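Inside the fold
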Amino acid sequence: MDFQPDAGLTAFREEVRAFLRTHLPAELAGSQHGVRSPRAALVRWQGILNDHGWGAPYWEKEHGGTGWTPQQRLAFDEECAIAGTPSQDVFGQRLLGPVLNHFATPEQKAEHLPHIFAGTRLWCQGFSEPGSGSDLASLRTQAVRVADDEGDHYVVNGQKIWTSYAHQADWIFLLVRTDASVKKQAGISFLLVDMKTPGITVRPIMTIDGCHHLNETFFDNVRVPVANCVGGEGAGWNVTKFLLNNEHAATADLPTLVRFQRQLRTLAATLRVDGEPLIRRPAFALRLARLEAELQAVSMMVQRVAVLEQDHSPTAHVMGSMLKIRGTELQQKMSEFLVEALGDYGAIAYPESHDGEGDALPVPCAHMGPGIASEMFFRRASTIYGGTSEVQRGIIAKLLFQL
Ligand SMILES: Cc1cc2nc3c(=O)[nH]c(=O)nc-3n(C[C@H](O)[C@H](O)[C@H](O)COP(=O)(O)OP(=O)(O)OC[C@H]3O[C@@H](n4cnc5c(N)ncnc54)[C@H](O)[C@@H]3O)c2cc1C
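Residues numbered from 1 in each chain as written. Predicted model: local features only at pLDDT ≥ 70, side-chain atom pairs only at ≥ 80, totals over all residues. Heavy atoms only, no water.

In the nomenclature of an unreviewed UniProt entry, the protein is known as Acyl-CoA dehydrogenase of Paraburkholderia silviterrae. According to UniProt, the comment filed for the protein under the heading Cofactor (unreviewed entry) is "FAD". Recorded under Sequence similarities (unreviewed entry), the UniProt text for the protein is reproduced unchanged: "Belongs to the acyl-CoA dehydrogenase family." (UniProt positions renumbered as here; feature names shortened; annotations may be inferred.)

Compared with the 42 Å implied by 1.5 Å per residue over 29 residues, the 42 Å span of helix H8 (residues 282-310) between its first and last C-alpha is a close match. Trailing H8 by a residue or two, His312 shows a phi angle of about 55°, which is positive. (Helix = DSSP H or I, 4+ residues; strand = E, 2+ residues; numbered from the N terminus. Expected span 1.5 Å × (residues − 1).)

Before going further, it helps to examine the environment of Val90. Inspection of the secondary structure assignment puts Val90 in helix H4 (residues 90-103). A relative accessible area of 26% means that Val90 is categorised as partly exposed. Along the primary structure Val90 and Thr22 are separated by 68 residues, whereas in three dimensions their C-alpha atoms are 24 Å apart. Once you skip the residues sitting within four places of it in the chain, Val90 turns out to touch Val35 and Leu95. (Buried < 20%, exposed > 50% of the residue type's maximum accessible area, 1.4 Å probe, protein only. Contact = heavy atoms within 4.5 Å.)

Segmenting the protein into domains produces domain 1 (7-88), domain 2 (123-236) and domain 3 (247-401). The C-alpha-based centres of domain 2 and domain 3 are spaced at 32 Å. (Domains from an automatic or database assignment.)

Mapped onto the elements, Gln332 comes out in helix H9 (residues 315-341). Here Gln332 falls in the buried class, since its relative accessible area comes to 10%. Within the structure, Gln332 has its side chain in polar contact with the backbone oxygen of Arg379 (distance 3.0 Å). Residues within four places of Gln332 in sequence aside, it is in contact with Arg379, Arg380, Ser382 and Thr383. (Polar contact = N/O pair within 3.5 Å; in protein donor to acceptor, adjacent residues only side chain to side chain.)

Attention shifts here to the pairing of strand S2 (residues 142-148). Here S2 runs beside strand S3 (residues 151-161); their pairing, made up of seven bridges, is antiparallel. In the sheet register, Arg145 faces S3, and the bridge partner there is Tyr154. In this antiparallel pair of consecutive strands, S2 and S3, the connection spans two residues. (Pairing = 2+ DSSP bridges.)

Contact geometry of helix H3 (residues 70-83) with H8 gives a least axis separation of 8 Å together with a crossing angle of 145°. Side by side, H3 and H8 meet where Pro70, Gln71, Leu74 and Glu78 of the first sit next to Val302, Gln303, Ala306, Val307, Glu309 and Gln310 of the second. Looking at side-chain class alone, the contact of H3 with H8 contains five nonpolar, three polar and two charged residues. (Axes fitted to C-alpha atoms, helices over the stretch in contact; angles between N-to-C directions. Nonpolar A, V, L, I, M, F, W, Y, C, P; charged D, E, K, R; others polar.)

A few words now on the UniProt feature "domain: Acyl-CoA oxidase/dehydrogenase middle" (unreviewed entry) in the protein. Sites flagged by UniProt as "domain: Acyl-CoA oxidase/dehydrogenase middle" (unreviewed entry) map to residues 124-222. Across residues 124-222 one finds 0% helix and 51% strand; the C-alpha atoms that close the span lie 17 Å apart.

One broad rule of soluble globular proteins: the nonpolar side chains tend to lie buried together. Membership of the largest hydrophobic core comes to 35 residues, with the highest contact counts inside it found for Leu257, Phe284, Val298, Val302, Leu323, Leu330 and Met334. Those elements giving two or more residues to this core turn out to be helix H7 (254-270), H8, H9 and helix H11 (372-378). Element by element, the count of residues in this core is highest for H8, at 10 residues. Core analysis: the second largest hydrophobic core is formed by 26 residues, Leu95, Ile116, Ala137 and Tyr165 among them. (Core = buried A, V, L, I, M, F, W, Y, C linked by side-chain atoms within 4.5 Å.)

Following this line, the structure appears as structure tokens:
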């Protein structure tokens, strides 16, 4: 591996920085909290990106995206995290968009892609069910096909759980069982469902971070046009594998780690203990240095996976699982250190959500972003969502040892 920074990539990063300096409105900077920013900030930022031709950083050029390489996408994400831009709609842009570009009918593309581009149709992901998380293929939400006066429909009954942002989403992409008589993977279909359809009930799950991101989503005789099935009936497992396999280099969530590092450095320089900046405390300085070394290691691994991904190497898959474990464990360590560094103020910051809601409290360095303790609690979940650490270890063992 060449450790010298690629000149083209350095120039690209500078272009992104210059764009952010000029186009990121001051009032939007710092509004990147949680997984998805509040709708107003998200739509405005999406518009600014679109005006610049950068509205779809994860899509191929032929589909109206930027056509960036995995390394360019990483650089863009990192610079956005450092500048504190609002997020895009992770579910629509990053997960569903590439799926629609690859599998959808022309009608499905015409219906959904313009809204994803504009940020005007927010999505959520309806995969997990009680009893079907890691073992997703065992899902039981049922879709029965019927033909009547209103045309061909599926009638959907069942329950999803841990549905992030279902309470704010306009549509959901949903895995359902359309055939119980075949091998479990073969009987699954991928449906696009309008959240306003009668029969859908969303109930909040409040989490330890004091926020409302998660929900239970119930389907009670929900009618979904057959035309909303992506990739054809029974193709849902293939579609899902494509969706989940999209970006191995992104599993570490490097932009979040970079944001934590920036916050720690701000605290180190500005928080004073006995009249001296925190960084003068040897115990603090040593721990910060260790975490920064770990971050550097993860960052190099991310670059390596991005290169492997660019070369379509099968090793990217196993490296992605390793990165998921290392990156999410580091997220937990860094966010815990942030709270500890705040001392007593760490506890005060707890009730403040990190999703952009609520008033700022008079804590030191409040401008760094609210809800530091809330964020630390949220990151407990990072080793669960997107595939648990135990499951990632299973994937690594299987692929490395060809079990
Ligand atoms: C914050 C958050 C947001 C989420 N958002 C969404 C969302 O938007 N949409 C959605 O569909 N889902 C979402 N999820 C659900 C997430 O995908 C599941 O929680 C995850 O897949 C684990 O499934 P489970 O919770 O059912 O745990 P289980 O699969 O029941 O696992 C329980 C325990 O058993 C272990 N285990 C399970 N199988 C194995 C194995 N084969 N080998 C070793 N150990 C194993 C696990 O590691 C875990 O420790 C979210 C979860 C969280 C925490």
